[in-house]
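So you can see what is in the structure, the chains are spelled out below.
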Amino acid sequence: MAVNLKGRSFLTLMDFTPLEVRYLLDLSRDLKAKKRMGLHGEALKGRNIVLLFEKTSTRTRCAFEVGALEEGAHVTFLDSASSQVGKKESIEDSAKVLGRFYDGIEYRGYKQEVVEALARHSGVPVWNGLTDTDHPTQILADFLTLEEHVAKPLSKMKLVFCGDIRNNMSYALMYGAAKTGMHMVALGPKALSPDPKVLEAARRAGEETGAVIEVTDDVDAAVKGADALYTDVWASMGEEDQIPERVKLLTPFKVTMEMIRKTGNPDVKFLHCLPAFHDFETKLAKEMKEKGHDIREVTDEVFRSRHSVVFDEAENRMHTIKAVMVATLG
């Protein structure tokens, strides 16, 4: 069956069928291969794209800018300090204006409702670069990376997300697992349990693909037989004041070499959306250590080990984001 995503927004994987998700992963692989051969396309030639950033970023911004430029598009970057979006001008009005200037809009910020409003009112494809409850472009990169490093289909893989299991990465992984038939385990403390509505929606979507989505605080049972362990920082942007409490809650779920061994899989992979606290070479990690808080969600030993594929994963942000733009706008 042919897949045509032209004109579609990319707000959450829940808006796409398993076949459409498969198409985006295959397109990502094709575009990555072309780049490796030094071939750049013109799928976005003459297109103008605007990137709206309420939250700072390295990988997301660079992936959108490089991906768009390599396919011939022109990019404008607007952050909170350089636009009136949501301040002196409503999201609806801003969307209607930007939709007349640009062929596509990326948004990275806080509320999912904002990216949905942009899509509703702009009249052009809108892409979710991250919100408080979802991160769909990251999941495409994660799953492309898994396919490159694990010798089995996604529907046969077991992935364990360790830590704050009610953050946007945990939810996005649930949605991705549901669309690909993956066995996904959310491993974390009961005090940070996922939103029941999110869990129910993911499990319902997973009925079509045979996905299994579990939630537990039992480390040994969760990681046994895992193909991949995944984690994220313990306090998201804007939650830094909660770090002391999170350290107490989440230290038992830190990814360590002991946890790696507990999987029983000598080839288990470690993934992280980055940036990661794996040592004390960052300003925040140093400050917190001086206050008696070890905020590392993964040890440096694991992060730098042969199990870690985090930099392949980071590179794949560009290839998968390029695929989303080409598929919806090219």
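Note: the structure precedes this text.
Computed from a predicted structure; not experimentally measured.

Just checking my understanding: could you explain the packing of helix α3 (residues 91-101) against helix α4 (residues 112-122) for this structure?
When two helices pack together, their arrangement is captured by the angle between the axes and the distance separating the axes. At a closest axis distance of 8 Å, the pairing of α3 and α4 adopts a crossing angle of 50°. As judged from the angle between their axes, α3 and α4 are oblique. Of the two possible hands of crossing, α3 and α4 adopt the one that is right-handed. Residue-level inspection shows Ile91, Glu92, Ala95, Lys96 and Gly99 of α3 in contact with α4, the latter providing Val114, Ala117, Leu118, His121 and Ser122.

Just checking my understanding: could you explain the packing of helix α5 (residues 136-149) against helix α13 (residues 310-329) for this structure?
Running from N to C, α5 and α13 cross one another at 120°; their axes reach a closest spacing of 8 Å. The pairing of α5 with α13 is recorded here as oblique in orientation. Considering the relative orientation of α5 and α13, their crossing is right-handed. Note on element contacts: α13 touches α5 through Asp312, Glu313, Asn316, Arg317, Thr320, Ile321 and Val324, opposite Thr137, Gln138, Leu140, Ala141, Asp142, Leu144, Thr145, Glu148 and His149. Along the lines of polarity and charge, the residues of the contact of α5 with α13 split into five nonpolar, six polar and five charged.

Which parts of the structure should I look at to understand the pairing of strand β3 (residues 104-108)?
Regular strands show a simple pattern: their side chains alternate between the two faces of the sheet. Summarising burial for β3: five of the five residues are buried, a large majority. By the alternation rule, side chains of β3 split into Gly104, Glu106 and Arg108 and Ile105 and Tyr107, which are all buried. Two elements, strand β1 (residues 48-53) and β3, share five bridges in a ladder whose sense is parallel. Looking at β3, one finds that phenylalanine 53 is bridged to arginine 108. Sheet topology note: the β3/strand β4 (residues 126-130) ladder contains four bridges and is parallel.

What is the right way to read the packing of aromatic side chains from this model?
The description of an aromatic ring pair rests on the distance of the ring centres and on the angle between the ring planes. Taken as a whole and judged by the stated rule, the model has five aromatic pairs. Ring geometry for phenylalanine 10 and phenylalanine 16: centres 5.3 Å apart, planes at 50°, overall tilted. Here the two residues phenylalanine 10 and phenylalanine 16 agree in accessibility, since each one is buried. Taken together, a centroid distance of 6.1 Å and an interplanar angle of 25° make the contact between phenylalanine 64 and tryptophan 127 stacked. On the criterion of sequence distance, the pair formed by phenylalanine 64 in helix α2 (residues 59-70) and tryptophan 127 in strand β4 is long-range, its members being 63 residues apart. Tryptophan 127 carries the same exposure label as phenylalanine 64, and that label is buried. One residue, arginine 61, lies across the ring of phenylalanine 77, its end atom 3.6 Å from the ring centre. The ring of phenylalanine 280 carries lysine 289 above its face, with NZ or CZ at 4.3 Å from the centroid.

Here is what the cut-offs are and how they apply
Sequence order as written defines the numbering, with residues in each chain counted from 1. This being a predicted model, a pLDDT of at least 70 is required before a residue's local features are given, and a value of 80 or more before pairs of side-chain atoms are given or counted; all residues contribute to the totals for chains, interfaces and linings. Here the side-chain values reflect all heavy atoms present in the structure, with hydrogen atoms and water set aside. Here, axes are lines fitted to C-alpha atoms. For helices the fit covers the stretch in contact, and angles between N-to-C directions go from 0 to 180 degrees. By definition, any uninterrupted DSSP run of H or I lasting at least four residues is a helix, any uninterrupted run of E lasting at least two residues is a strand, and each is numbered from the N terminus. What sets the label is the angle itself: under 35 degrees gives roughly parallel, over 145 gives roughly antiparallel, 65 to 115 gives roughly perpendicular, and the rest give oblique. Note: crossing handedness is left-handed where the near helix turns anticlockwise from the far helix by less than a right angle, and right-handed where it turns clockwise. Residue contacts are counted whenever heavy atoms from the two residues lie within 4.5 Å of one another. Under the scheme applied, nonpolar residues are Ala, Val, Leu, Ile, Met, Phe, Trp, Tyr, Cys and Pro; charged residues are Asp, Glu, Lys and Arg; polar residues are all the others, including Gly. Think of it in three bands: residues with accessible area under 20% of the maximum for their type are buried, residues over 50% are exposed, and the middle band is partly exposed, with areas taken using a 1.4 Å probe on protein chains only. In this scheme, strands are said to pair when DSSP sees at least two bridges between them. Here the aromatic set is Phe, Tyr and Trp, taking the six-membered ring for Trp, and pairing holds for ring centres within 6.5 Å; pairs whose planes are under 30 degrees apart are stacked, those over 60 apart are edge-to-face, and all others are tilted. Should the NZ of a Lys or the CZ of an Arg lie within 6 Å of a ring centre and within 35 degrees of the ring normal, that charge is described as sitting over the ring.

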